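Fold and contact review
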Amino acid sequence: MTCVESKIERIRPQQFHETAGVEDWRVVGEGACAYFSTGSFVAGAQFVQAISELPGVADDHPDVDVRQGGVIVRLITVTDDYYGLTQRHVELARQISAVARTLDIPADPSAVQTVQITIDALAGPDVVAFWRALLGYQDRASSGEDLIDPRRRGAPFYFQQMDAPRPQRNRVHVDVWVPYDQAEARIAAALAAGGRLVNDADAPSNWVLADPEGNEACVGVAGPPRPATDRS
């Protein structure tokens, strides 16, 4: 269900995935992302130039990362009270994909991911304040426990409030957000590389894994689409 607050029509990851025309895109931890295989920096720059000429793109200001082999585009709204997707992102995603097709640039939805650092904290505000100052990060919109890079380059930090210490487990772990259709393969690869499954109680949205020495990591997905027969 969408809601409208402050003239922003918010949508959930599942709604985005269930919308026609956004097949190039996957929602991960930091919004809707797409990877376009340009093959060269020059082709990537030309693609970004074409994106910049789309009507109204300045209002949504997508994050764009240009590399030698491809371009990553991320769509997310960051305001004082919201951090997420809006209906406007659906149309912009469609337009960007159309530009890519015009330039004969293929998309690779399997190539996107988000990495997040999670810290267990007993004295949450004090711990957050330290990491905010150390990293030069800022509070995420509508959250008193998350930190994000204001330049939107570094991994976000999430602080998990604890009531008691857990000395038998590590206090810091990595969260890896992957496309909903890549989680099974990513988990299988990690297990084949010597990892073990710690907890799958929250599957198919989250799995806890550990490396051979017990260091934990989570694999998460955002809003996989429902089967077509379940949609109303």
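The present account deals with the structure reproduced in this document. (Residues numbered from 1 in each chain as written. Predicted model: local features only at pLDDT ≥ 70, side-chain atom pairs only at ≥ 80, totals over all residues. Heavy atoms only, no water.)

Comments concerning unusual backbone geometry
For clarity, the threshold we go by: Every helix listed is a DSSP run of H or I at least four residues long, and every strand listed is a run of E at least two residues long, numbered separately from the N terminus.
With an omega of 10°, the peptide bond between Ala-203 and Pro-204 qualifies as cis. Tracing the backbone shows Pro-204 in the loop between strand 14 (196–199) and strand 15 (206–210). In this model, Asp-104 sits at a positive phi of 60°, which is unusual for a non-glycine residue. By the secondary structure assignment, Asp-104 is in the loop between helix 4 (87–102) and strand 9 (114–121). Its identity is not glycine, yet Arg-152 carries a phi of approximately 55°, on the positive side. Topologically, Arg-152 is positioned in the loop between strand 11 (146–148) and strand 12 (157–161).

Some points on the sheet that holds strand 13 (residues 172–177)
Hydrogen bonding along the main chain pairs the strands of a sheet, whether they run parallel or antiparallel. How we decide: Any two strands with at least two DSSP-identified bridges between them are counted as paired.
Spatially, 10-11-12-9-13-16-15-14 is the arrangement adopted by the 8 strands of the open sheet, whose pairing is mixed. Only two strands of the sheet have a single neighbouring strand rather than two, namely strand 10 (138–139) and strand 14. Alignment of strand 9 against strand 12, held across 5 bridges, turns out to be parallel. Across the sheet, residue Ile-119 finds its bridge partner in strand 12, namely Phe-159.

Quick look at helix 2 (residues 41–52)
The line we're drawing: What a helix should span is 1.5 Å times the count of its residues minus one. Three exposure classes are used, based on accessible area relative to the maximum for each residue type with a 1.4 Å probe and protein chains only: buried under 20%, partly exposed in between, and exposed over 50%. The arc in question is traced by the directions running from the helix axis to the C-beta atoms. The contact criterion used is simple: two residues touch if any of their non-hydrogen atoms lie within 4.5 Å.
In this model helix 2 runs 16 Å from its N-terminal to its C-terminal C-alpha over 12 residues, within 8% of the 16 Å that 1.5 Å per residue would give. Of all the positions in helix 2, only Ala-43, Gly-44, Phe-47 and Ile-51 are classed as buried. Across the axial projection of helix 2, the buried residues extend over an arc of 100°, all falling on one side. Across helix 2 from its buried face, at more than 90 degrees, point the exposed residues Phe-41, Val-42 and Gln-46. In this structure, the buried residues of helix 2 make contact with strand 4 (31–36), helix 3 (57–60), strand 5 (63–66), strand 6 (71–75) and helix 4.

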